[in-house]
Each structure stands twice: as C-alpha cells, then as structure tokens.
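So you can see what is in the structure, the chains are spelled out below.
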Amino acid sequence: MSMKNLSTLCYLEKDGKYLMLHRTVKKNDVNKDKWIGVGGHFEEGESPEECVLREVREETGYLLTSYQYRGLVTFVSGDGVTEYMSLFTADGFEGEEISCDEGILEWVPIEKVWELNIWEGDKIFFRLLDAQVPFFSLKLVYDGHGVLTEASLNGSPMELFDILNEDGTRSKVVRERGVTHCQGSLHPTVHIWIVRKGENGNYDVLLQKRSAEKDSYPGCYDISSAGHVAAGEEIMESALRELEEELGLPADPEDLQMIGIHRGTKEEIFHGKLFKDDEWSHVYLYQKPVKEEDLRLQESEVEEVLWMEYHACLLGIQKGSFPNCIYEDEFRMIGQALGL
C-alpha cells in the first residue's frame with residue numbers, strides 16, 4: 001500500500017478547545033477550505049505514533065507529551081482519494097506554536113467546531129470522541145461532491161438522513177442519525193396511525209410501547225408505527241417499510257391515507273445526553289382490519305401494542321396519565337380525519 005493512502009489526524013485539546021486547521025493553501029487539496037485537525041501522510045517505515053508526533057511538530061511547533069490513539073477512519077472521497085487515517089487526540093504538549101504552511105491554525109471551542117465548514121463524516125467521529133467511545137473503526141464514503149453516501153461503525157451501517165430546508169424540501173446535506181439529533185436538524189419521518197371502528201361507533205387507536213433500549217423515549221407509548229426516512233428513500237417506500245419492520249404488517253400504498261404534515265420539535269435528556277428532535281412528518285391512517293395476534297413485533301423497537309379508545313387516549317395525552325411521547329396536535333389530526 002502506498003504511503004499516500006496512510007495518514008494521521010490529531011486534535012489537540014486545551015481549555016475546552018480544539019486546535020483546528022483551516023486548509024486554505026493547497027489548490028488541489030481534497031480538504032480545500034475545510035477545517036480539520038493536524039496531521040499528514042506516513043513516511044516510509046513510520047508507525048502511526050511516529051507519524052503523528054512528526055506531523056504535529058512540523059505543522060504546529062508542538063511536541064506531544066500526552067496523546068491517545070482513538071480510531072481508524074477509512075475515508076473515500078468519491079473522486080479518487082482513499083485514505084486510512086489514524087485518529088488521535090492529545091491533551092498534553094509543549095513548545096511554542098508556529099505558523100502552518102498549509103493553512104491557518106485556530107483554537108476553537110469544542111461546541112463551536114460543529115458550526116465550521118467541516119466534513120459531515122467528521123461530525124460523526126467528533127460525536128464518538130465526545131462520548132468517549134473506545135477505539136473504533138469508522139468508514140466514510142462520499143459521492144465526489146462532498147455529499148456523504150455511506151457510513152459504517154465497526155463494520156455496521158449507520159443511518160443517514162436527508163436534511164430538509166424549512167419548507168420541507170430536501171437540501172443537499174446528508175447527515176448521520178446521531179449527528180442529526182445532536183444538532184437538531186430538520187429531517188423527514190413517517191407516522192402511520194392504525195385505527196379501527198368499535199361497536200359503539202367510536203374509534204380505537206393502536207399504540208406501540210417503545211422498547212426500553214431505545215435511545216429516545218424508552219418505555220413510552222407512541223404512534224402505531226413510525227420511523228425515519230433514509231437518505232434517498234421515497235416517503236411511501238419508508239412508510240411501507242416501517243409497517244413491515246416494526247409490526248410485521250405488509251401493506252400497499254392504497255392502504256394508507258395521508259392526512260397531513262406535522263412539524264414536531266422537542267429537546268430532552270436521555271441516558272445523560274441532550275437529544276434534539278426536529279421532524280417533518282408525513283402522517284397516515286391505516287384502517288384495514290388488524291389482529292394483535294397476527295402482528296410480529298420488532299423486539300429492538302417495540303415492546304408491546306395496545307388498543308385505546310380515541311377520546312380516552314386524547315385525555316391521557318392531555319393529562320399525562322400514561323407515559324407517552326405523542327404530540328397532541330398531531331393526535332387531533334386523526335380525530336379531524338375521522339370526523340370526531
């Protein structure tokens with residue numbers, strides 16, 4: 001393997017700030033105008049540690065005295081560049097800072113790094129670094145125009161979403177699920193409410209109880225079936241997929257009645273972490289007969305399902321008499337669609 005494919009990347013940390021390099025000098029630099037850490041390509045015979053020590057010294061003037069090997073990042077640019085980057089952080093160094101001939105060095109508060117012009121994939125490893133995730137292998141694939149098309153962590157695919165403009169149209173940004181909820185980025189979802197008409201003329205709504213292992217609202221009652229729209233996926237395709245995956249319920253497009261769009265925003269703390277949600281949700285009704293015993297629940301997502309009379313459920317949402325994460329205004333959309 002060529003030394004051009006092997007590199008190091010290091011983020012020096014001091015007083016809650018990262019030392020960032022604004023790459024402004026090289027004309028044909030794949031990182032042109034991006035903000036990244038400091039580092040560079042291996043020289044023949046170097047180990048990752050030897051490379052990072054040399055590169056940091058050459059680019060910043062600092063000699064690292066305390067550093068940690070955090071992960072391996074496989075970076076595929078989509079325009080002919082593939083690099084295997086050894087990722088480091090450093091909290092100890094000595095010496096005087098010098099000017100860098102590859103751009104401008106600047107100490108940036110860690111919480112402000114997200115606002116810089118950085119690669120979407122870099123936000124993923126910043127999230128992993130902030131969470132103190134042990135040594136990881138992260139693969140990032142781009143389309144040659146800076147758009148993230150694939151991400152996998154330790155060999156497992158990560159969820160990617162199209163980020164939306166304020167009018168609900170898709171922007172050109174594709175973002176990983178965890179980063180989306182760290183930043184509170186607007187993204188598309190599908191909500192499918194399963195309803196049935198009771199003998200007394202009232203309607204029942206099927207609620208699902210979210211798994212206790214969920215990263216948000218664990219153990220809460222929620223929409224019959226709901227989920228994120230994957231990057232590049234059509235809305236109806238996503239709705240049908242979620243019904244099949246979560247409930248084992250096959251459906252056709254004509255089985256779903258769209259009743260509107262709901263914009264929902266929340267900020268909560270789960271597992272000690274801030275969770276920001278901003279959803280543009282396509283809301284559907286499903287009214288074909290459903291028997292609980294015929295459903296195949298996705299254990300990782302759904303703990304159980306429960307039928308509840310519409311007005312009783314609405315009252316419970318208003319009073320908070322049962323654990324739920326249902327938007328009252330969205331729930332009222334059901335009643336309006338059913339003429340209640």
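Model, not experiment: these values are computed from the prediction.

What is the right way to read the environment of V38 from this model?
Along the chain, V38 turns up in strand β4 (residues 38-41). According to the relative accessible area criterion, V38 is buried, its value standing at 0%. Sequence separation between V38 and L153 is 115 residues, and the spatial gap between their C-alpha atoms is 23 Å. For V38, the contacting residues outside a window of four places in its chain are T8, L9, C10, L12, L21, V56, E59, T60 and L105.

Whenever I open this one, unusual backbone geometry confuses me. Can you help?
For D15, which is not glycine, the phi dihedral falls at a positive 55°. Tracing the backbone through its elements, the reader meets D15 in the loop between β1 (6-14) and β2 (17-23). Residue D15 is classed as exposed on the basis of its relative accessible area of 70%. A positive phi angle, close to 70°, is found at D33, a residue other than glycine. Within the fold, D33 resides in the loop between β2 and β3 (35-36).

How do you make sense of the layout of surface pockets when you look at a structure like this?
If a probe the size of a water molecule is rolled over the atoms, the empty space left behind becomes visible. For the largest pocket, the calculated volume is near 790 Å³. Lining the largest pocket we find 22 residues, and of these R127, G178, D215, K273 and F275 sit closest to its centre. For the lining of the largest pocket, the secondary-structure elements that each account for two or more residues are α2 (120-130), α3 (177-183) and β18 (273-286). Considering only residue class, the lining of the largest pocket consists of six nonpolar, five polar and eleven charged. Approximately 590 Å³ is the volume found for the second largest pocket. When residues of the lining of the second largest pocket are traced back to their parent elements, those giving at least two are β11 (160-164), α3, β13 (186-197), β14 (203-210), β16 (225-228), α4 (235-247) and β18.

Explain the packing of aromatic side chains to me, please; I cannot follow it from the model alone.
The geometry of an aromatic ring pair is captured by the separation of the ring centres together with the interplanar angle, meaning the angle of the planes. Here the structure, examined in full by the defined rule, presents 19 aromatic pairs. Both rings, one in Y69 and one in F135, keep their centres 5.1 Å apart while their planes meet at 85°; by these two values the pair is edge-to-face. Here Y69, found in strand β5 (residues 63-76), pairs with F135, found in the loop between α2 and β8 (136-142); they are 66 residues apart in sequence, far enough to count as distant. Ring pairs connect the aromatic residues Y11, Y18, F125 and F126, which therefore count as one cluster. If you follow K14 out to its NZ or CZ, it ends over the ring of W107, 4.6 Å from the centre.

Sorry, what's going on with helix α5 (residues 310-319) here?
Given 3.6 residues per helical turn, the α-helix brings residues three or four places apart onto the same face. Along α5, the residues classified as buried are Y310, C313, L314, G316 and I317. Down the axis of α5, the buried set is contained in an arc of 160°. They therefore lie on one face. Of the surrounding secondary structure, the elements contacted by the buried residues of α5 are β14, β19 (302-309) and α6 (328-338). Its side-chain oxygen placed 3.0 Å from the backbone nitrogen of H311, E309 serves as the N-cap of α5. Backbone geometry just after α5 places G320 at a positive phi near 65°.

So, how was this worked out
- Residues numbered from 1 in each chain as written.
- Predicted model: local features only at pLDDT ≥ 70, side-chain atom pairs only at ≥ 80, totals over all residues.
- Heavy atoms only, no water.
- Helix = DSSP H or I, 4+ residues; strand = E, 2+ residues; numbered from the N terminus.
- Buried < 20%, exposed > 50% of the residue type's maximum accessible area, 1.4 Å probe, protein only.
- Contact = heavy atoms within 4.5 Å.
- 1 Å grid on protein atoms, 1.4 Å probe; cavity = no way out; pocket = protein on both sides within 12 Å on 5 of 7 lines; lining within 4 Å.
- Points joined across faces, edges and corners; volume = space filled by probe spheres on them.
- Nonpolar A, V, L, I, M, F, W, Y, C, P; charged D, E, K, R; others polar.
- Phe/Tyr/Trp six-rings, centres within 6.5 Å; stacked < 30°, edge-to-face > 60°.
- Lys NZ or Arg CZ within 6 Å of the ring centre and 35° of its normal.
- Arc of directions from axis to C-beta.
- Polar contact = N/O pair within 3.5 Å; in protein donor to acceptor, adjacent residues only side chain to side chain.

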